[in-house]
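# Chains, contacts and geometry: an overview
Residues per chain, in single letters:
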Amino acid sequence: MSNAQIELGVSGMTCTSCSSRVQRKLNKMEGVEASVNFSTETASVEYDPALADPDALIKTIRNAGYDAFTVTDADEPLADAPSEPERDTLLWTIVWSAVVSLPVMLVSMIPALQFTYWQWAAFAATTLVYFSAGSLFHRNALLNLRHGSMTMDTLISMGTTAAYGWSIYALFFGNAGEPGMKMHMSLMPNSAAMDEVYLETVCVVITFLLLGRWFEHRAKGRSSEALRNLLHMGAKDATVLRDGVETRVPIADVKVGDTFVVRPGEKVATDGTVVEGRSAIDASMLTGESVPVDVKEGDDVTGATLNTHGRLLVRATRVGSDTTLAQMGQLVKDAQAGKAPVERLVDRIAQIFVPTVIAISAVSLVAHLLLGYSVAAAFTAAVAVLIIACPCALGLATPTAILVGTGRGAELGLLIRGPEILESTRQVDTIVMDKTGTVTTGEMTVVDANGSSDALALAAAVEAHSEHPIARAITAYVQDARTESVTDFRNEPGIGASATVDDKHVRVGRPTVDLGEYRDDFESMEATGATVVAVEVDGVLEGVIAVRDAVKEDSRVGVEKLKELGLEPHLLTGDNRATALAVAKEVGIDAANVTAGVLPADKVELVRSLQDAGKRVAMIGDGVNDAAALAQADLGMAMGAGTDVAIEASDITLMNNSLVSAADGIRLSRATLRTIKGNLFWAFAYNVVLIPVAAIGLLNPLLAGIAMAFSSVFVVTNSLRLRRFRATR
């Protein structure tokens, strides 16, 4: 029996230590492999149905001290989490806690404000903040300790409890409770014996940490905004033709094979094929392309795109989770729920970080006492270590950047399959591009023609009766074809087509007569890699037409942008070498980097040979024949208009089918990776520098709390800068 997969929502996690513990508990189950993501509050689990089931998975998570629930498509946990009410409640708690804490901080810092019995008023206010606003941290710490675990909340609770407990001791059993007691604010901790209270530390630390927690929630909400918009982009209902009657039904009731109506101004209900009508479809919501695409009978259309004009009848070919829109959403979910190697490193560090800090705090306390410092000084150093070491920034460094980066990519039509892809984009130095459909449009187009307008019209009249791609290109190029007067049409495979038009025998295809005055034109056109056809009228050559798979308008710019990123471009095609060289010259690729006439297996071999030469290879393609090479490459990039097989084999999907987008995808991925590394540097450097300072007694616990909270705010806001990433115009 094959393994089953399930996605579970996990609530109650407060840091990466929590998610790591849940993951360890699940992975200890026989037949279970799980990945738990703190940022998205989800667990992606693969399990053997013979050894485990969803109820057992949920029970294991609950036994670890958290709650869990199965996630359905309708739940859309990423789109709605964290909930607005939760954020609003947290914000309200921060507001009243700040209002209460500010007077405590001011009166503790400024001796001129310290009235008689001020310390008792401050104690009353601090007690409210400690037990009410701080209950989130205390409750989580107790829950974790009950399960034999220490997390970030353990540090917060221990630090504030220690400061609060010391203040109680100083007030009730020391000199701090005496009328007229004065306390002075200093950058360095005060080593006075029994007249020092840390009430302001308790208030400020809890308030700042709650603010950091709110920023974290806000980052989750904002970074998932793109996905939320994506998931709600589709039509909510559709007009389906059943027994010849138009019936309005919810989108969930549309089945494969149903024919539905799309009127002007309406969204296409689901992926399908046009069976009647002509219109222009605005796909900018999905692809970013501002120019509507003309569609007619037989053309495919994508759900959630907008019908600009004309009535269409569309036969549904994909519904529900199989649609392009749903697959885009799932790609983003997968990317945001995965873990990059650098994030897994942070998880491992977090598991040992908390007990290590507690040990340092204990050693600092004992060392100060043994060295003859006062109890107050020793206690101050120990509390400062606990406060400064809270690993908020460490836990937020990677997931917030991944969430914001992949979310921004979704808005720009750049679907990054997983966070591990970020490292690949940094390392690639060579990019291999398939020609047809990637560098070129994938459709034959007339690029040059020489001959009288009458001769061209006669050629189009003949080709209008053929389904060959070259015929379609000529017919599209010549607008005044006289198709009503065509008789005796004959199609000659590999040679051309002929017919009688207005009593003239017209033949279009390989030349069978002397080229005459058109020889130079014919040869120069062939030199560009185009397919050149001759127009013969009654046995006389009357014109030549060059047809080629035209290069996309922005392909040259895309190649230039890829070069600017340090990538060496290669062109790969199954077409002939002359055509490949012409395309390469047009877009700026060296002839030495052109490989033509290759089969799918040859494409894989080329990628492998480059890798064997020490290159890190990216591959861009769009067809079934590119799938194996995309999978072989260190980084696979597929055009969104390509086949499902190619998209499934790729790492990044380019929804607007442009090489410029390929460069944007690499730029965004590298920017996200830089942000992650910057966040991690800040978090590690902050702890490495300040923990020793606090341990030797040179840091006031109040300033330690402020610095620690600021580091979390910095990491989150630094990640949110990725939302300003702009695509190349």
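Since the model is a prediction, treat every value here as computed from it, not as a measurement.

## Side note on the overall build of the protein
- Scanning the protein for helices and strands turns up 26 helices and 26 strands.
- By the burial criterion, 53% of the 729 residues in the protein qualify as buried.
- Sequence-distant contacts in the protein: of pairs separated by 6 or more residues, those separated by 24 or more amount to 70%.
- Total accessible area on the protein is roughly 30,600 Å²; 56% of this is exposed by carbon and sulfur atoms.

## Describing the packing of helix α20 (residues 555–564) against helix α25 (residues 659–695)
- The N-to-C vectors of α20 and α25 enclose an angle of 25°; their axes lie 7 Å apart at closest approach. Between α20 and α25, the interaxial angle falls into the category roughly parallel. Seen along the crossing, α20 lies across α25 with a hand that is left-handed. Residue-level contacts link Ser-555, Val-557, Gly-558, Val-559, Lys-561 and Leu-562 of α20 to Leu-659, Val-660, Ala-662, Ala-663 and Ile-666 of α25.
- A per-class count over the contact of α20 with α25 returns 8 nonpolar, 2 polar and 1 charged.

## Describing the sheet that holds strand β13 (residues 312–318)
- Spatial ordering of the open sheet is given by β6-β5-β7-β13-β8-β11, a layout of 6 strands whose pairing is antiparallel. In this open sheet, the two edge strands, each paired with only one partner strand, are β6 (245–250) and β11 (300–301).
- As paired elements, strand β5 (residues 237–242) and β6 share 6 bridges and run antiparallel to each other. Of the residues in β6, the one forming a bridge with Ala-238 is Val-249.

## Re a nonpolar patch on the surface
- On the surface, Leu-365, Val-366, Leu-369, Leu-370 and Val-375 cluster together to form a nonpolar patch covering roughly 450 Å² of accessible area.
- Considering each element in turn, the nonpolar patch owes the most residues, 4 residues, to helix α12 (residues 341–370).
- Following the sequence through the fold, Leu-370 ends up in helix α12.
- Residue Leu-370 is classed as exposed on the basis of its relative accessible area of 72%.

## Points about the packing of aromatic side chains
- Tallied over the entire structure, the rule returns 8 aromatic pairs.
- Taking the centre distance of 4.8 Å and the plane angle of 90° together, the rings of Tyr-130 and Phe-131 count as edge-to-face.
- Tyr-130 gets classed as buried once you look at its relative accessible area, which sits at 8%.
- Their ring planes at 35° and their centres at 5.6 Å tell us that Tyr-169 and Phe-173 sit as a pair that is tilted. Note that Tyr-169 and Phe-173 are positioned in helix α7 (residues 152–173) at a spacing of 4 residues, about one turn of the helix.
- The class for Phe-173 is exposed, based on a relative accessible area of 63%.
- Clustering of aromatic rings is evident, with ring pairs tying together Trp-120, Phe-123, Tyr-130, Phe-131, Tyr-164 and Phe-172.

## Describing the sheet that holds strand β4 (residues 67–70)
- If you trace the 4 strands from one edge of the open sheet to the other, you get β2-β3-β1-β4, paired in antiparallel fashion. Every interior strand has two partners, whereas the edge strands, β2 (32–37) and β4, have only one. Shown here is a sheet whose adjacent strand axes are inclined to one another by a mean of 25°, direction ignored.
- Packing against the sheet, helix α2 (residues 54–63) makes contact with β1 (4–11), β2, β3 (42–47) and β4, and its axis sits at approximately 160° to β4.

## Some remarks on the pattern of salt bridges
- Counting across every chain of the model gives 19 salt bridges.
- Note that Asp-664 is salt-bridged to Arg-667, the shortest N-O span being 2.9 Å. Highlighted residues: Asp-664 and Arg-667, both in helix α25, separated by 3 residues, approximately one helical turn.
- When salt bridges with common partners are traced through the structure, they connect Asp-237, Arg-248 and Glu-266 into a single cluster.

## Quick word on the nonpolar core
- Core analysis: the largest hydrophobic core is formed by 36 residues, its most contacted members being Val-129, Val-197, Leu-199, Ile-206 and Leu-210.
- Sorting the residues of this core by element identifies α4 (84–109), α5 (118–133), α7, α8 (199–223) and α13 (375–388) as the ones contributing at least two each.
- The leading source of residues in this core is α8, at 8 residues.
- Residues in contact with Leu-199, not counting those within four places in the same chain, are Val-104, Gln-119, Ala-122, Phe-123, Thr-126, Ser-167 and Leu-171.
- Counting residues in hydrophobic clusters, the runner-up holds 32 residues, among them Val-559, Val-587, Met-639 and Phe-725.

## As for the UniProt feature "transmembrane region" (unreviewed entry) in the protein
- The positions UniProt marks with the feature "transmembrane region" (unreviewed entry) are residues 90–111, 117–137, 158–177, 197–215, 352–371, 377–404, 679–696 and 702–720.
- The span residues 90–111 carries 91% helix and 0% strand; its end-to-end C-alpha distance comes to 32 Å.
- Regarding residues 679–696, the helix share stands at 94% and the strand share at 0%, and the terminal C-alpha atoms are separated by 26 Å.

## What to know about unusual backbone geometry
- The phi torsion at Tyr-117 lies on the positive side, around 65°, for a residue other than glycine.
- With respect to the helices and strands, the residue Tyr-117 is situated in the loop between α4 and α5.
- By relative accessible area, which is 45% here, Tyr-117 ends up partly exposed.
- Even without being glycine, Asp-503 reaches a positive phi, approximately 65°.
- Locating Asp-503 in the fold gives a position in the loop between β18 (496–501) and β19 (504–509).

## Focus on the pairing of strand β25 (residues 635–639)
- Of all 5 residues that make up β25, 5 are buried, and the element is covered over most of its length.
- Along β25, one buried face is formed by Leu-635, Met-637 and Met-639 and the opposite face, lined by Gly-636 and Ala-638, is buried too.
- By the bridge criterion, 3 bridges tie β25 to strand β26 (residues 652–654) in an arrangement that is parallel. Bridge pairing in β26 links Ala-638 to Thr-653.

## Overview of the confidence of the model for the protein
- Overall, the predicted model of the protein reaches an average pLDDT of 80, with 81% of residues at or above 70.
- Of all secondary-structure elements in the protein, the lowest mean pLDDT belongs to helix α3 (residues 77–80), at 41, while α5 reaches the highest, 94.

## Remarks on helix α21 (residues 577–587)
- All of the buried residues along α21 are Thr-579, Ala-580, Ala-582, Val-583, Ala-584 and Val-587.
- Of the surrounding elements, those touching the buried residues of α21 are α16 (435–439), β16 (440–451), β21 (540–551), α20, β22 (568–572) and β23 (594–595).

## Side note on the side chain of Arg-408
- Of note, Arg-408 is situated in helix α14 (residues 392–411).
- Every residue in contact with Arg-408, bar those within four places of it in the chain, is listed here: Leu-668, Leu-722, Arg-723, Phe-725 and Arg-726.

## A short note on the environment of Ala-397
- By the element assignment, Ala-397 lies in helix α14.
- For the pair Ala-397 and Asn-718, spaced 321 residues apart in the sequence, the C-alpha separation amounts to 9.2 Å.

## Some words on the side chain of Ser-669
- In this structure, Ser-669 sits in helix α25.
- Within the local environment of Ser-669, its side chain forms a polar contact with the backbone oxygen of Gly-665, the two atoms lying 2.9 Å apart.
- Setting aside its immediate chain neighbours within four residues, Ser-669 contacts Ile-416, Leu-422, Thr-425 and Ile-652.

## Section: the pairing of β3
- Pairing between β1 and β3: 6 bridges, direction antiparallel. By the bridge assignment, Ile-6 is partnered in β3 with Val-45.

## As for α25
- Compared with the 54 Å implied by 1.5 Å per residue over 37 residues, the 54 Å span of α25 between its first and last C-alpha is a close match.
- For α25, the N-terminal capping position is held by Ser-658, with its side-chain oxygen 3.0 Å away from the main-chain nitrogen of Val-660.
- Backbone geometry just downstream of α25 places Gly-697 in the positive-phi region, at approximately 85°.

Criteria and cut-off values
Residues numbered from 1 in each chain as written. Predicted model: local features only at pLDDT ≥ 70, side-chain atom pairs only at ≥ 80, totals over all residues. Heavy atoms only, no water. Helix = DSSP H or I, 4+ residues; strand = E, 2+ residues; numbered from the N terminus. Buried < 20%, exposed > 50% of the residue type's maximum accessible area, 1.4 Å probe, protein only. Contact = heavy atoms within 4.5 Å. Areas by Shrake-Rupley, 256 points an atom, 1.4 Å probe, with all protein chains shown as cover. Axes fitted to C-alpha atoms, helices over the stretch in contact; angles between N-to-C directions. Parallel < 35°, antiparallel > 145°, perpendicular 65-115°, else oblique. Left-handed = near helix turned anticlockwise from the far one by under 90°. Nonpolar A, V, L, I, M, F, W, Y, C, P; charged D, E, K, R; others polar. Pairing = 2+ DSSP bridges. Patch = residues over 30% accessible without salt bridge, like charges linked within 9 Å, V, L, I, M, F, W, Y side chains within 5 Å. Salt bridge = Lys/Arg side-chain N within 4 Å of Asp/Glu carboxyl O. Phe/Tyr/Trp six-rings, centres within 6.5 Å; stacked < 30°, edge-to-face > 60°. Core = buried A, V, L, I, M, F, W, Y, C linked by side-chain atoms within 4.5 Å. UniProt positions renumbered as here; feature names shortened; annotations may be inferred. pLDDT = per-residue confidence, 0-100. Polar contact = N/O pair within 3.5 Å; in protein donor to acceptor, adjacent residues only side chain to side chain. Expected span 1.5 Å × (residues − 1).

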